[in-house]
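These are the residues of each chain, in order.
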Amino acid sequence: MFVGESPIHIAANADIAEIVLMPGDPLRAKYIAENFLKDAKLVTSIRNMFGYTGYYKDKKVTVMSHGMGMPSASIYVFELIHFYNVKKIIRIGTCGAVSPKADIGDLILTKEIYSESNFAYTYSNYVGNIVEASKDLNKTILDTAKELNMELHYGVTTTMDVFGPYIDFERVLDRIPKEYEILSEEMEAFGLTHVANLMNAESTTIMTVVDSKYSKVVLTPEDRQTKLNDMITLALESIVK
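Below is a summary of the structure that appears in this document.

1. Some points on the environment of Lys-57
Thinking step 1. Positionally, Lys-57 belongs in the loop between β3 (51-56) and β4 (59-64).
Thinking step 2. Sequence separation between Lys-57 and Ala-196 is 139 residues, and the spatial gap between their C-alpha atoms is 26 Å.
Thinking step 3. Sequence-distant contacts of Lys-57, defined by excluding residues within four places in its chain, comprise Glu-237 and Val-240.
Thinking step 4. Within the local environment of Lys-57, its side chain forms a polar contact with the side chain of Glu-237, the two groups lying 2.7 Å apart.

2. What to know about the side chain of Ser-184
Thinking step 1. Secondary-structure assignment places Ser-184 in strand β9 (residues 182-186).
Thinking step 2. Residue Ser-184 is classed as buried on the basis of its relative accessible area, which comes to 0%.
Thinking step 3. One polar contact links Ser-184 to Thr-157, side chain to side chain, over a distance of 2.6 Å.
Thinking step 4. Once residues lying within four places of it in the same chain are set aside, the contact partners of Ser-184 are Cys-95, Gly-96, Ala-97, Val-98, Ile-108, Val-156, Thr-157, Thr-158 and Met-207.

3. What about the pairing of strand β2 (residues 38-44)?
Thinking step 1. Here β2 pairs with β3 via four bridges, running antiparallel. When the bridges of β3 are listed, Thr-44 appears paired with Gly-51.

4. A closer look at the environment of Asp-103
Thinking step 1. Tracing the backbone shows Asp-103 in the loop between β5 (88-97) and β6 (107-114).
Thinking step 2. Once the C-alpha coordinates of Asp-103 and Ile-75 are considered, the two residues, 28 residues apart in sequence, prove to be 31 Å apart.
Thinking step 3. Apart from residues no more than four positions distant in its own chain, Asp-103 is found in contact with Val-209 and Ser-215.

5. Structural notes on the packing of helix α2 (residues 70-84) against helix α6 (residues 189-198)
Thinking step 1. It is at 8 Å that the axes of α2 and α6 come closest, and there the two elements cross at 25°. Looking at the two axes, α2 sits roughly parallel to α6. Here α2 and α6 pass one another in a crossing that is right-handed. Of the residues in α6, those touching α2 at Met-70, Ser-74, Val-77, Phe-78 and Ile-81 are Phe-190, Gly-191, Leu-192, Val-195 and Ala-196.
Thinking step 2. Tallied by class, the residues present in the contact of α2 with α6 amount to eight nonpolar, two polar and no charged.

6. Here's the deal with the pattern of salt bridges
Thinking step 1. Tallying each qualifying case throughout the model produces 13 salt bridges.
Thinking step 2. Put simply, Lys-101 and Glu-181 hold a salt bridge, and the shortest N to O gap is 2.9 Å. With Lys-101 in the loop between β5 and β6 and Glu-181 in the loop between α5 (170-175) and β9, this residue pair connects regions lying 80 residues apart in the sequence.
Thinking step 3. A relative accessible area of 53% places Lys-101 in the exposed class.
Thinking step 4. As a salt-bridge pair, Glu-132 and Lys-135 come within 2.6 Å of each other at their nearest N and O atoms.
Thinking step 5. Assessed through its relative accessible area of 33%, Glu-132 is described here as partly exposed.

7. Observations regarding the nonpolar core
Thinking step 1. Counting residues in each nonpolar core, the largest one holds 28 residues, and the members touching the most others are Leu-21, Ile-90, Ile-92, Ile-141, Ile-206, Leu-234 and Leu-236.
Thinking step 2. If you tally residues by element for this core, the top one is helix α7 (residues 221-239), at seven residues.
Thinking step 3. Sequence-distant contacts of Ile-90, defined by excluding residues within four places in its chain, comprise Val-20, Leu-21, Met-22, Leu-137, Ile-141, Thr-204, Ile-206, Ala-235 and Ile-239.
Thinking step 4. Of all hydrophobic cores here, the second largest spans 27 residues; its members include Leu-80, Tyr-84, Ile-89 and Ala-196.

Calculation criteria
- Residues numbered from 1 in each chain as written.
- Predicted model: local features only at pLDDT ≥ 70, side-chain atom pairs only at ≥ 80, totals over all residues.
- Heavy atoms only, no water.
- Helix = DSSP H or I, 4+ residues; strand = E, 2+ residues; numbered from the N terminus.
- Contact = heavy atoms within 4.5 Å.
- Polar contact = N/O pair within 3.5 Å; in protein donor to acceptor, adjacent residues only side chain to side chain.
- Buried < 20%, exposed > 50% of the residue type's maximum accessible area, 1.4 Å probe, protein only.
- Pairing = 2+ DSSP bridges.
- Axes fitted to C-alpha atoms, helices over the stretch in contact; angles between N-to-C directions.
- Parallel < 35°, antiparallel > 145°, perpendicular 65-115°, else oblique.
- Left-handed = near helix turned anticlockwise from the far one by under 90°.
- Nonpolar A, V, L, I, M, F, W, Y, C, P; charged D, E, K, R; others polar.
- Salt bridge = Lys/Arg side-chain N within 4 Å of Asp/Glu carboxyl O.
- Core = buried A, V, L, I, M, F, W, Y, C linked by side-chain atoms within 4.5 Å.

This is how it looks when you write it as structure tokens:
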């Protein structure tokens, strides 16, 4: 496969850490860099997709946004691994709960990701509907959550090609075999994990529940920020283990 000698969407020279946290929102990457990292500097901003490299407890870490949807996320994951030799990626995002087990504001860690998308088939002729997140990375995150006394749901999410709240996504959920016990839905984890698995990098996804089919609760901006901070802290504390 010919990909050229340099990345098209990231312009960071060599200043990318081996461990990358990936929010979807570029401004959330900026927020993390400014509020959680030491000596953080902007290393790429092509298309305003911000990436920062700094230190958390003396551990070098890059925070790189990936945009919305699998096509966007896959571009950045590929370039980070192929051109910058990234070893571990943790997506830190938001999701909608589709199980009564997860409530608004809860944290979910992906064990497996189900998708009926053609993304993986187009990408590599993969015909399965399930990809598995890194067991080792997940164990570290689960252990860290316990140490921090953070409640963390661990299970299967589904990645869709569309924004769930804007469609009747019950149709999609009804097509998924019940054995998978889907906890949440979002738009990136399947593609991110599939690409990372193909390229022998570890990856997983931690999500904050911001809406639920079982609740009419809407988080205030203050509550939303607090819950997202918990997710960010969990990811950062996990990478220094």
